[in-house]
Structure formats: structure tokens, C-alpha cells
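The lines below spell out each chain.
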Amino acid sequence: MTTTIRYYSTNRNLTKVEGINPFRGYVTFSDALLQGQAPDEGLYMPETIPELPIDEIPALKGKPYPEAAMFVTGAFLKDDLPRADLERIVYDSYDFVVPLERVVDRKYVMRLDQGPTASFKDFAARMMARLMSYFREKGKRLNVLVATSGDTGSAVGEAFKGVEGIDVNILYPRNEVSGRQKKQLDTIGDNVQALSVAGKFDDCQDLVKMAFADPSLHDLNFTSANSINFGRILPQMVYYIYAYAQLCEKGEEIIVSVPSGNFGNALGCEYARRMGLPVRKLVMPTNENDEFPRFLKTGSYSKVTPSRACLSNAMNVGHPSNLARFFELYGGTVDRTGAVHVVPDVEMMRQNIYSVSISDEETKACIKETYDRYGVILEPHGAVGWRGLEKYLEDTGDYEPCVSLETAHPAKFPDEIIELLGITPELPDSMKDIDKRQGSPVELTSDYRIFSDYLRKNLKVGD
Ligand SMILES: *Cc1c(COP(=O)(O)O)cnc(C)c1O
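Within each chain, residue numbers correspond to sequence positions counted from 1 in written order. Selection of residues for local features in this predicted model requires a pLDDT of at least 70, selection of side-chain atom pairs for listing and counting requires 80 or more, and totals for whole chains, interfaces and linings are taken over all residues. Hydrogens and water are ignored here; the side-chain numbers use all heavy atoms of the structure.

**Student:** Residues and numbers for helix α6 (residues 179-186), please.
**Tutor:** Among the residues of α6, Gln181, Gln184, Leu185 and Asp186 are the ones counted as buried. What makes two residues a contact is simply this: any of their non-hydrogen atoms within 4.5 Å. Segments assigned H or I by DSSP are reported as helices when at least four residues long, segments assigned E as strands when at least two residues long, and all are numbered from the N terminus. Buried-residue contacts for α6 involve α5 (151-160), β6 (166-173) and β7 (192-198). The buried label goes to any residue with under 20% of its type's maximum accessible area, the exposed label to any with over 50%, and the partly exposed label to all in between, with areas taken from a 1.4 Å probe on protein chains only.

**Student:** Run through the sheet that holds β6, naming residues and quoting values.
**Tutor:** Here, strands pair whenever DSSP counts at least two bridges between them. Taken together, 5 strands build an open sheet; the order of strands is β8-β5-β6-β7-β15 and the sheet is parallel. Of all the strands in the sheet, just β8 (222-223) and β15 (442-445) have a single pairing partner and so form its edges. Across 4 bridges, β7 lies against β15 in parallel orientation. Directly across from Ser196, in β15, lies its bridge partner Glu443.

**Student:** Go over the sheet that holds strand β3 (residues 100-104), please, and point to the residues and values.
**Tutor:** Judged by pairing direction, the sheet is mixed, and its 6 strands sit side by side in the order β3-β4-β14-β9-β10-β13 without closing on themselves. Unpaired on one side and paired on the other, β3 and β13 (353-354) mark the two borders of the sheet.

**Student:** Provide a residue-level description of the packing of helix α14 (residues 360-374) against helix α16 (residues 414-421), including the pertinent values.
**Tutor:** Axis lines are fitted to C-alpha atoms, over the contacting stretch for helices. Their N-to-C directions set the angle, which ranges from 0 to 180 degrees. Across the interface, α14 lies against α16 with an axial gap of 10 Å and an inter-helix angle of 60°. In terms of orientation, α14 and α16 fall into the oblique class. When you trace α14 past α16, the crossing you get is right-handed. Residue-level inspection shows Lys364, Ile367, Lys368 and Tyr371 of α14 in contact with α16, the latter providing Ile417, Glu419, Leu420 and Leu421. Residues are sorted three ways: Asp, Glu, Lys and Arg are charged, Ala, Val, Leu, Ile, Met, Phe, Trp, Tyr, Cys and Pro are nonpolar, and all the rest, Gly among them, are polar. Each residue belonging to the contact of α14 with α16 can be placed in one class, and the counts come to 5 nonpolar, no polar and 3 charged. When an angle is under 35 degrees it counts as roughly parallel; over 145 it counts as roughly antiparallel; between 65 and 115 it counts as roughly perpendicular; any other value is oblique. Crossings are sorted by hand: turned counterclockwise from the far helix by less than a right angle, the near helix makes the crossing left-handed, and turned clockwise it makes it right-handed.

**Student:** Could you give me a rundown of the pattern of salt bridges, with the residues and numbers involved?
**Tutor:** Salt bridges, as used here, are contacts in which a Lys or Arg side-chain nitrogen is within 4 Å of a carboxyl oxygen on Asp or Glu. What the rule picks out here adds up to 33 salt bridges. Of the charged contacts, one joins Arg136 and Glu164 as a salt bridge, the two residues approaching to 3.8 Å between their closest N and O atoms. Here Arg136, found in the loop between α4 (121-135) and β5 (142-147), pairs with Glu164, found in the loop between α5 and β6; they are 28 residues apart in sequence, far enough to count as distant. Under the relative-accessibility criterion, Glu164 is labelled exposed at 59%.

**Student:** Can you break down the layout of surface pockets residue by residue, with the values?
**Tutor:** Roughly 250 Å³ of internal volume is contained in the second largest pocket. A 1.4 Å probe that fits but cannot get out identifies a cavity on a 1 Å grid over protein atoms alone, an open set with protein on both sides within 12 Å along at least five of seven lines counts as a pocket, and a residue lines either if it has an atom within 4 Å of a point. Lining of the second largest pocket is provided by 13 residues; of these, Ile89, Asp92, Arg130, Ser133 and Glu164 occupy positions nearest its centre. When contributions to the lining of the second largest pocket are tallied by element, the ones reaching two or more residues are α3 (83-93) and α4. Broken down by class, the residue content of the lining of the second largest pocket amounts to 3 nonpolar, 2 polar and 8 charged. Grid points are joined across faces, edges and corners, and a volume is the space filled by probe spheres set on the points.

**Student:** Describe helix α17 (residues 448-458), and please don't skip the residues or the numbers.
**Tutor:** Along α17, the residues classified as buried are Tyr448, Phe451, Ser452, Tyr454 and Leu455. In an axial view of α17, the angular spread of the buried residues amounts to 155°, which keeps them on one side of the axis. Opposite the packed face of α17, turned more than 90 degrees from it, sit the exposed residues Arg449 and Lys457. As for α17, its buried residues are in contact with β5, β6, β7, α7 (201-213), β8 and β15. Pairs of N or O atoms within 3.5 Å make up the polar contacts considered here, provided that, within protein, one atom can donate a hydrogen while the other can accept it, and that residues adjacent in sequence are counted only when both atoms are side-chain atoms. If you check the start of α17, you find a side-chain oxygen 2.9 Å away from the backbone N of Arg449, and it comes from Asp447. Summarising the geometry, the arc corresponds to the directions from the helix axis toward the C-beta atoms.

Right, dumping it as C-alpha cells:
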């Protein structure tokens, strides 16, 4: 008998909400992966969460990262594809190191910044790209269209580079990305094409939406590879178990701090705990976009709109897209607009989760202090995580072992590091030659006709 896990939509019970036509069915992992979002604009959730054989975790100590990845993703996918195929995908995705740097006592920073774009998003995007290539309908190309305002686009582009059967087009606003971001986007090459649009980020997003909705482009088999895809959540469960195996003794509980924006990363930890990982507390610090810490405190939710522009700019989110999944796991329902339809069990949330808002001033002070005291260099996102952890420990008198996530490489934020620490952080190997690379973006206006002509003339349909 197979026990394939089925996936359902977070909006399935919203029968009386205007504009939502609830999807009450179930799909397989590969459908959830290739569709990205449920037809009712809800998020796909696994119907059951597999239990990990906890006794086997200590055996991962000292082993390469892909072994932890097999252990965790195998539990979810064992009935969806043969183990040997999953192994190929996992080893191809994770060909870089995952350093755990001791800060003080048994308090660590896990550096998730050694992938091709020096961001933790590489972990999820690389595995999702390979899973999509594996599960796509054979003989038909998949065409990924993404609009980006900067970093996400290059992580997605690099993740799909050289992946069989998939081509990627990335639209970015010509005058709104930094010089280095433009280099990163323009020079990926191979099956990844940058489209430099004379317009704003919203124009890029509109062009992508119109192409998705255009029946005359239907045979181009578009997909979005967006951040709410469950295929991106699954790989983000792995490093929590990896860290525990390296740092903890049998029977110990670990405190984990995850600097949070759209909550996909922290959701990986929530699932890892539900798979059986002994997580004492999931700390979810945010920047000044404080909708979630306020919710935990008061029990009533209101998004921050417009979102506040903070130093940790990848976390400038006023209504986290994965909040719907957190609510669902605690018995609540919130929709895409931020309207709460069923209030989750807030008491239970408080038992498992601690959240606090860290201001830009505190973020800067933390970067400086952590360097002066411990010689550890953090960038703004990692500093929000570390300061949030410190606040939790101060607040509760709780102790250790702890791990805080560093989600980007300090060299991606040279201005802050130079200003605060007076040193220039060295670029990671993956970015060393970035300024010398030559790119060839296609230049477009925000006119849909020109864009759709480009797609029709240049995109491939068959393998
Ligand atoms: C995306 C991002 C985050 C936030 O992660 P979420 O999963 O959206 O909570 C934090 N740090 C960096 C560097 C990021 O790129």
C-alpha cells in the first residue's frame, strides 16, 4: 500500500467569502509543486506530517549536509519518487558547505550564505528547480517567468541554471536595481535570460500576470516558481535537523532563532518540530514590520500597510505570505488580504513561538556589538535574528544550546559593514568575479504587445 501524502488548500473552508471559490480537493506533491498555488489562491498544506526516527539523528553528526537532506525530504517524498532519483536531486542541489560558527558558550550562528547567490534562498530554490525538472510533463518545456525587484530573481535564476527542460525569463525594473544586482541578473546565462524593463517593479509584475492570463500563450507552459510553493518549504526543514545533529546531545532541546519576513524559513522549523525535532522555542524576530509580534501579544491581527522600509530589506513584509500556513497549523484561517476568518490557538502558539520586533537602531548596535565582543560578522538580517535570540534569553532566563540563522553573506551589505565595523567584508567565492562578468539583457518597455511578441518568438515549447 502506498501512503503518498496529499495536499489541500488553506482556503478550503471559506465558503462564504466574496471573491474566494474554495478548493476542497486534494492534490499530489507534484501537482502542488507545478501549480505553486491552489486554484482558490490558498496555500497547499500536507495532510499528514511524517514522523522522523529521532534515534537516527545523532548518526548525522559529522556527515555531509546532503545526508540530512535525504533523511528529511525522504520522509515526505518516499512514495513520490524512487530513492535513487531523490538522491541525485539532493546531491546536485547541495554542493556547498553549511558552517556552524560558535559565537559564545553553546550559542551558534548557522551560515546559510555559501550557495551561488550567498542567500539562504539558494537552499530552497535549488532543490525546487530540480524537483520541477523531474516532475514536469516530459516532452514539454516548462517556462518560468519571474518579476523581481532585486534579490529573489537571481536566486531563482541561479537555481534553474543548467536544469534540464526548463527555461527562465527574469523581468526587472531597469532603474530600480543596484549595479551589482543588475550584474547578478544579467550574467546568469545558459537557460536563464534577463529582461531589463524600462518601468517599475509593478510594471514587471503586471507583464508577468498578463502573460499567465493570455490564452494565446497557453502552449508555452508557464510556471511561476514563487515563494509560497510547498516545494520551497520542504528543503527549509532540513538545516534545523542538520544543526541539531551537529550541536546537541541525545535528549537535549534546542532554541532556534529565524529572522523572518514572509515566514517561509521559520515555517520549515515549525514543520521540523512537528516531525519530532526537540525544539524548545522557535524565536521569530522581525524588523520594524511588527504585525506578528503584536499579534502574539494581543491576539488580534492587523497587517502593516504600507510595509516599513528597514535595513534588513528582504524582510520588509507587512503581511507575511506564509502566515496562512502558520494559522492553519494552529487551527486558524487567514486569507491573502490579511482578513482573519478563524482565530488560531494563540496560547499554543505562545508556548512554541516567541516573536519580537527589532528596530534598525538595535540591528546596527547588534552588528557592532557582536563584532566587538565575539569577532563575529553579521549582516542586517542575521543581526535581527541574533538580537531577537538575546532578547528571548534575557526575557525568559532560558539558556542553551541555541542557534541563530545568518540568511545572507555580509559582503552583500558592504555599506553597513564598512560604516559600522570599519572593515570591508570579503566577497564569497561565488561572487568574486561578479563585477567583471559581461551580461546581455534583452531590453523591453512596459508595453505588453512587445513583451508577448518576444515570448512568442523566443520561448521554446518542446524539449
Ligand atoms: C527572504 C529573506 C529573509 C526572510 O525569509 P522568510 O522566509 O521570507 O521569512 C531573511 N533574510 C534574507 C537575507 C532573505 O533573503
